[in-house]
Amino acid sequence: DAKTTQPPSMDCAEGRAANLPCNHSTISGNEYVYWYRQIHSQGPQYIIHGLKNNETNEMASLIITEDRKSSTLILPHATLRDTAVYYCIVSPLYLIADKLIFGTGTRLQVFP
Amino acid sequence: EADIYQTPRYLVIGTGKKITLECSQTMGHDKMYWYQQDPGMELHLIHYSYGVNSTEKGDLSSESTVSRIRTEHFPLTLESARPSHTSQYLCASSESGRANQPQHFGDGTRLSIL
């Protein structure tokens, strides 16, 4: 399975865009990129996923580079409630159990 | 968004007790999962299920067992709890039918074995 590399921590001012990078240089053609986040003492929350096209939903945007070796999760207007650990995960298509392998993630701190 | 519930939320119990952690989901998802997470550490998959009467071991060895008699229910059991079982246990579910459906998580059970 492809591995991901994320910075251990980032800060962002409230109201600004938070751009969280992820490297997945060994990703293969059938692997999706997923983003989850975990707020302290809660279970992980799904944010967004994509294969090669950029994706947007009500929570965030996902920008995947053309060579698919890296991606960026964008929270357009960060709030204090976005403070959490953000996980970037790659997972193969048609993997029977859709198992997710969580790394250590990026701890995002949003400050006033 | 899936509704998935775990009980109890917190449990402090003595060594040697039999423990069952409950997980239920109301979305009719076929796939369910149990993860274990120590504080500040990564999540590790310990059990998963494709559907009723299906259970598989995950990537991390665990002394726990699971059952899947009903679609909505996926309990995890420790026959004889030990301090090494102290951890947070997270349950998740996802749709089948289409690949790569996101997993939806409960808020976890934080287990402390004395």
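Please refer to the structure placed before this passage.
Novice: I tried to follow the overall build of chain B on my own but got confused; where do I start?
Specialist: From N to C terminus, chain B includes 0 helices and 11 strands. Along chain B, helices (α) and strands (β) appear in the sequence β-β-β-β-β-β-β-β-β-β-β when read from the amino end. Radius of gyration (C-alpha) of chain B: 13 Å, near the 13 Å computed for a compact globule of 114 residues. The buried share among the 114 residues of chain B stands at 47%.

Novice: Please explain the pairing of strand β9 (residues 106-111) of chain A as it appears in this structure.
Specialist: Note on strand geometry: in a regular strand, side chains alternate between the two faces of the sheet. Residue and element names in this part refer to chain A. In β9, alternate side chains face the same way, and those of T106, L108 and V110 are buried while those of R107, Q109 and F111 on the opposite face are not. As paired elements, strand β1 (residues 9-13) and β9 share 5 bridges and run parallel to each other. Note on β9: the bridge partner recorded for S9 is R107. Across 3 bridges, strand β8 (residues 84-92) lies against β9 in antiparallel orientation. Opposite V85, over in β9, you have R107 as the bridge partner.

Novice: What is the right way to read the interface of chain B and chain A from this model?
Specialist: In many reports, interface size means the accessible area that the parts give up when they come together. Contact with chain B, which involves 23 residues of that partner, is made by 23 residues of chain A. Contact between chain B and chain A buries roughly 2,000 Å² in total, counting both sides, with carbon and sulfur atoms accounting for 49%. Where chain B touches chain A, the interface holds 0 salt bridges. Linking chain B with chain A are 3 residue pairs in polar contact (both at pLDDT 80 or more), by the criterion used here. Elements represented by at least two residues in the side of chain B that touches chain A include exactly β4 (31-37), β5 (43-49) and β9 (87-94) of chain B. Top element by residues in the side of chain B that touches chain A is β4 of chain B. It accounts for 4 residues. When its residues are assigned to classes, the side of chain B that touches chain A shows 11 nonpolar, 6 polar and 6 charged.

Novice: What am I meant to see in the sheet that holds strand β7 (residues 70-75) of chain A here?
Specialist: The strands making up a sheet are joined through hydrogen bonds of the backbone, oriented either antiparallel or parallel. Residue and element names in this part refer to chain A. Pairing within the open sheet is antiparallel, and its 4 strands lie in the order β2-β7-β6-β5. Strands with a single pairing partner mark the edges of an open sheet, and in this sheet they are β2 (18-23) and β5 (55-56). Strand direction decides the pairing type here: strand β6 (residues 61-64) and β7, joined by 4 bridges, are antiparallel. Its bridge partner lying in β7, I63 is registered against T72.

Novice: It is not clear to me how the state of the cysteines should be interpreted in this structure. Could you clarify?
Specialist: All told, the structure shown has 2 disulfides over all chains when counted by the stated rule. With its sulfur 2.1 Å from that of its partner, C22 of chain A forms a disulfide with C88 of chain A. With the S-S bond torsion at -80 degrees, the cross-link from C22 of chain A to C88 of chain A turns out left-handed. One end of the pair, C22 of chain A, is in strand β2; the other, C88 of chain A, is in strand β8, with 66 residues separating them in the sequence. A relative accessible area of 1% places C88 of chain A in the buried class. Paired by a disulfide, C23 of chain B and C91 of chain B hold their sulfur atoms 1.9 Å apart. For the disulfide bridge between C23 of chain B and C91 of chain B, the dihedral angle about the S-S bond is near -75 degrees, and by the sign convention the bridge is left-handed. Of the two residues, C23 of chain B sits in strand β3 (residues 19-25) while C91 of chain B sits in strand β9, which places them 68 residues apart along the sequence. Exposure remark for C23 of chain B: the relative accessible area of 0% places this residue in the buried category.

The rules behind each value
Residues numbered from 1 in each chain as written. Chains lettered and ligands numbered in written order. Predicted model: local features only at pLDDT ≥ 70, side-chain atom pairs only at ≥ 80, totals over all residues. Heavy atoms only, no water. Helix = DSSP H or I, 4+ residues; strand = E, 2+ residues; numbered from the N terminus. Rg over C-alpha atoms; globule rule 2.2 N^0.38 Å. Buried < 20%, exposed > 50% of the residue type's maximum accessible area, 1.4 Å probe, protein only. Pairing = 2+ DSSP bridges. Contact = heavy atoms within 4.5 Å. Buried area = accessible area lost by both parts, 1.4 Å probe. Salt bridge = Lys/Arg side-chain N within 4 Å of Asp/Glu carboxyl O. Polar contact = N/O pair within 3.5 Å; in protein donor to acceptor, adjacent residues only side chain to side chain. Nonpolar A, V, L, I, M, F, W, Y, C, P; charged D, E, K, R; others polar. Disulfide = S-S within 2.5 Å.

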